[in-house]
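# Secondary and tertiary structure notes
Residues per chain are reported as follows:
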Amino acid sequence: TLFRSLNGLQEVITMTCDKAPKIVTLEDFNGDYIRYEQEIYNLFSKDFINRNIYFKGTQISHKKYPKHKGMSATFWHIVTNGDNETNREPNLRRYETICYPAFIIEECSNYCSNVLIWENIRKGKTRILIYCTTLRYLVVLDKRSDYILFWTSYPVEYKNRHEKLINEFNEYK
């Protein structure tokens with residue numbers, strides 16, 4: 001169980017998937033942010049740089065450039081928040097769940113009834129959305145002609161966003 005505080009109000013977020021990878025917290029590194037960030041990048045690299053990962057038989061790639069602090073663009077995008085790519089802020093909740101994208105893509109999308117998969121069009125591009133309703137975690141893939149680009153992923157922390165995703169899935173099917 002995780003707790004989130006917003007404007008003095010605390011919401012409980014319960015995660016109940018026994019198969020989900022363990023979250024990796026800053027506290028696991030005694031608050032050493034530099035070591036923590038490097039380990040989070042190592043975990044991302046293990047899943048998306050050092051091996052091939054597939055969704056429904058199609059290879060997934062990631063955006064390498066522009067690099068930030070020597071780390072791939074996709075990595076930096078999924079562990080930060082913000083509308084402006086050059087001024088995104090690190091988000092520890094996104095860091096903690098760095099192992100979720102590969103797990104959801106490779107494991108959950110094939111067998112779990114709590115994972116919803118659909119396509120939509122964003123900015124003229126076809127996106128594949130993979131949403132784990134149990135973990136409340138979204139993976140967004142960009143469909144290309146001969147591969148898939150890992151676009152982004154993040155925990156869905158707000159009830160209205162969760163409901164919007166469920167509605168979008170229901171409209172799609």
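Preceding this section is the structure that the text describes.
Please read all numbers here as calculations on a predicted model, not as lab measurements.

### Some details on the pairing of strand S4 (residues 58-62)
In the sheet, strand S3 (residues 53-55) pairs with S4 via 3 bridges, with the strands oriented antiparallel. Bridge pairing links Tyr54 to Gln59 in S4. Once S3 ends, the chain turns through 2 residues before running back antiparallel as S4, passing Lys56 with a positive phi of about 50°. The sheet contact formed by S4 and strand S10 (residues 148-155) spans 3 bridges and is parallel. Note on S10: the bridge partner recorded for Ser61 is Leu149.

### Points about the packing of aromatic side chains
Here the structure, examined in full by the defined rule, presents 10 aromatic pairs. Seen in terms of ring centroids, Tyr100 and Tyr137 are 5.4 Å apart; in terms of plane orientation they differ by 80°. Their pairing is edge-to-face. With Tyr100 in helix H4 (residues 100-111) and Tyr137 in strand S9 (residues 137-143), the pair connects residues that are 37 residues apart, well separated along the chain. Summarising the burial analysis for this pair, Tyr100 and Tyr137 share the class buried. Each residue in the set Tyr41, Phe44, Phe48, Phe75 and Phe150 is aromatic and connected to the rest through ring pairs, giving one cluster. Note that Arg127 overlies the ring of Trp151, its terminal NZ or CZ placed 4.3 Å from the centroid.

### Points about the pattern of salt bridges
This structure, assessed with the given rule, holds 12 salt bridges. Between Asp142 and Arg127 there is a salt bridge, and its shortest N-O distance comes to 3.0 Å. Placement of the pair is Asp142 in strand S9 and Arg127 in strand S8 (residues 125-132), with a sequence separation of 15 residues. The two residues Asp142 and Arg127 agree in class, both being buried. Residue Asp142 is joined to Arg144 by a salt bridge in which the shortest nitrogen-to-oxygen separation is 2.7 Å. Using a relative accessible area of 0% as the deciding quantity, one classes Asp142 as buried.

Criteria and cut-off values
- Residues numbered from 1 in each chain as written.
- Predicted model: local features only at pLDDT ≥ 70, side-chain atom pairs only at ≥ 80, totals over all residues.
- Heavy atoms only, no water.
- Pairing = 2+ DSSP bridges.
- Helix = DSSP H or I, 4+ residues; strand = E, 2+ residues; numbered from the N terminus.
- Phe/Tyr/Trp six-rings, centres within 6.5 Å; stacked < 30°, edge-to-face > 60°.
- Buried < 20%, exposed > 50% of the residue type's maximum accessible area, 1.4 Å probe, protein only.
- Lys NZ or Arg CZ within 6 Å of the ring centre and 35° of its normal.
- Salt bridge = Lys/Arg side-chain N within 4 Å of Asp/Glu carboxyl O.

Keep in mind these values describe shape, not function.
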